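Structural description and commentary
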Amino acid sequence: MSEHIPVLLKESLEVLNPKPGEVFVDLTLGRAGHSSEILKRLGSEGMLYCFDRDEQAIIEGSAILEKIGRFEAIRANFASFAEELRKRGINQVDGIFADLGVSSPQFDDPERGFSYRFDARLDMRMDRSQTLTAFDVVNTYSLNDLARIIADYGEDRDAYAIAKQIVKRRAIEPIVTTFQLVEAIKSAKPAKALRSKGHPAKQTFQAIRIEVNHEKEALERLLETFAPALRPGGRIAIITFMSLDDRIVKRAFASLTEVEGSRHDAIPMRPEEVKFPPFIKVTRKPLVATGEELLLNRRAQSAKLRAIAKRP
Ligand SMILES: C[S@@+](CC[C@H](N)C(=O)[O-])C[C@H]1O[C@@H](n2cnc3c(N)ncnc32)[C@H](O)[C@@H]1O
């Protein structure tokens, strides 16, 4: 199984600035790449709560953290992180971090059915106890729903043609494997698209994975609920890998850091009328990987890191 190299690690630590004795949350434990470094900085008095939906990540991530410091690994969807913390008597924390999407061990395990590179049963569940799989999405969703998902979550311009091919093929026999799905996608793509850079199935696989794991819903819920869970001075940093996710994070962070009406009012507000927004920008523009990091880790190519801090 492949090694997971943490993306934008140095930058994440800089914006999160974990300090000894603080309480932090890593919403996406994975193989503890970011968690390990955060935990080292929290020292023996600090505490780290880590979340992951994937049992394997909880097992392997915990084994790494055990040698470092005080933590609790919680197997749950991060959409409900605030409730999970409240159950443990924690109302506010000093830092929240998320590194969205799938981990390399998930992608590189053929059995998990995430990848178009291996022939496997269509699965793509991060949480293997959930019932909905990629097989169900591909074989039971309507033509219109498939086309919408592939267009919205995969941003594939051939979405409708791909959905039509899927529906046509599954009427003859179910589409069971990743390679069968790749064939359906390829047959829907014009020759020019097949010659262009990148795997022709990449966007459709991404779209189906997002649907199977309800990734958009989790991110939106997180962005609606994190603000009260941060202490004054607390920081939140999120790494996204898709423009769609980055736009959602950018908009949510902007609404918490910009003065209402400040951008558009024709008549400037008087100083006494200005209400300070509850958060401050930590990153003005999203941070992206340096050339040096890109040489080591291609996955970092599309990564964008945004961070804000609660006004002290
Ligand atoms: C990109 S990996 C994180 C890698 C980690 N930062 C590291 O360096 O090892 C994302 C992880 O988040 C988990 N994940 C994604 N969405 C989740 C959600 N809504 N709730 C809980 N875990 C989630 C995935 O199972 C995966 O293990």
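Please read all numbers here as calculations on a predicted model, not as lab measurements.

Describing the packing of helix H7 (residues 143-154) against helix H8 (residues 159-172)
- Running from N to C, H7 and H8 point in directions that differ by 140°, and their axes come no closer than 8 Å. Comparing their axes, H8 and H7 come out oblique. As for the relative orientation of H7 and H8, their crossing is right-handed in sense. Along the contact surface, H7 presents Leu143, Leu146, Ala147, Ile150, Ala151 and Gly154, while H8 presents Ala159, Tyr160, Ile162, Ala163, Lys164, Ile166 and Val167.

A word on the site of the ligand
- Close to the ligand lie 21 residues, the nearest being Pro6, Thr28, Gly30, Gly33 and Ala218.
- Breaking the shell around the ligand down by element, the ones donating at least two residues are helix H2 (33-42) and strand S2 (47-52).
- Looking at the shell around the ligand residue by residue, the classes come out as 8 nonpolar, 8 polar and 5 charged.

Digging into helix H11 (residues 202-212)
- Counting buried positions along H11 yields 10 of 11 residues, so the element is predominantly enclosed.
- For H11, the complete set of buried residues consists of Gln203, Thr204, Phe205, Gln206, Ala207, Ile208, Arg209, Ile210, Glu211 and Val212.
- His214 sits one or two residues past H11 and shows a positive phi near 45°.

Examining the domain arrangement of the protein chain
- Taken domain by domain, the protein chain consists of domain 1 (9-105 + 216-310) and domain 2 (128-212).
- If you look at the interface, domain 1 gives 4 residues, while domain 2 gives 4 residues.
- When its residues are assigned to classes, the side of domain 1 that touches domain 2 shows 2 nonpolar, no polar and 2 charged.

Section: H7
- Helix length check: H7, at 12 residues, gives a terminal C-alpha distance of 16 Å against a target of 16 Å (1.5 Å per residue), a fit within 8%.
- By the burial criterion, the buried members of H7 are Leu146, Ala147, Ile150, Tyr153 and Gly154. Relative to the axis of H7, the buried residues are bounded by an arc of 165° and lie together on one face.
- As for H7, its buried residues are in contact with H8, H11 and helix H13 (243-257).
- Residue Glu155 follows H7 closely and has a positive phi angle near 50°.

Quick look at the packing of H2 against helix H3 (residues 55-65)
- Packing of H2 against H3 leaves a shortest axis separation of 10 Å and a crossing angle of 30°. If you check the angle between H2 and H3, you find them roughly parallel. For the crossing formed where H2 meets H3, the hand is right-handed. Residues Ser35, Ser36 and Leu39 of H2 form the contact with H3, whose participating residues are Gly61, Ile64 and Leu65.
- By residue class, the composition of the contact of H2 with H3 is 3 nonpolar, 3 polar and no charged.

Calculation rules
Residues numbered from 1 in each chain as written. Predicted model: local features only at pLDDT ≥ 70, side-chain atom pairs only at ≥ 80, totals over all residues. Axes fitted to C-alpha atoms, helices over the stretch in contact; angles between N-to-C directions. Helix = DSSP H or I, 4+ residues; strand = E, 2+ residues; numbered from the N terminus. Parallel < 35°, antiparallel > 145°, perpendicular 65-115°, else oblique. Left-handed = near helix turned anticlockwise from the far one by under 90°. Contact = placed C-beta atoms within 7 Å. Near = placed C-beta within 6 Å. Nonpolar A, V, L, I, M, F, W, Y, C, P; charged D, E, K, R; others polar. Buried ≥ 20, exposed ≤ 12 C-beta atoms within 10 Å, placed from the backbone. Domains from an automatic or database assignment. Expected span 1.5 Å × (residues − 1). Arc of directions from axis to C-beta.

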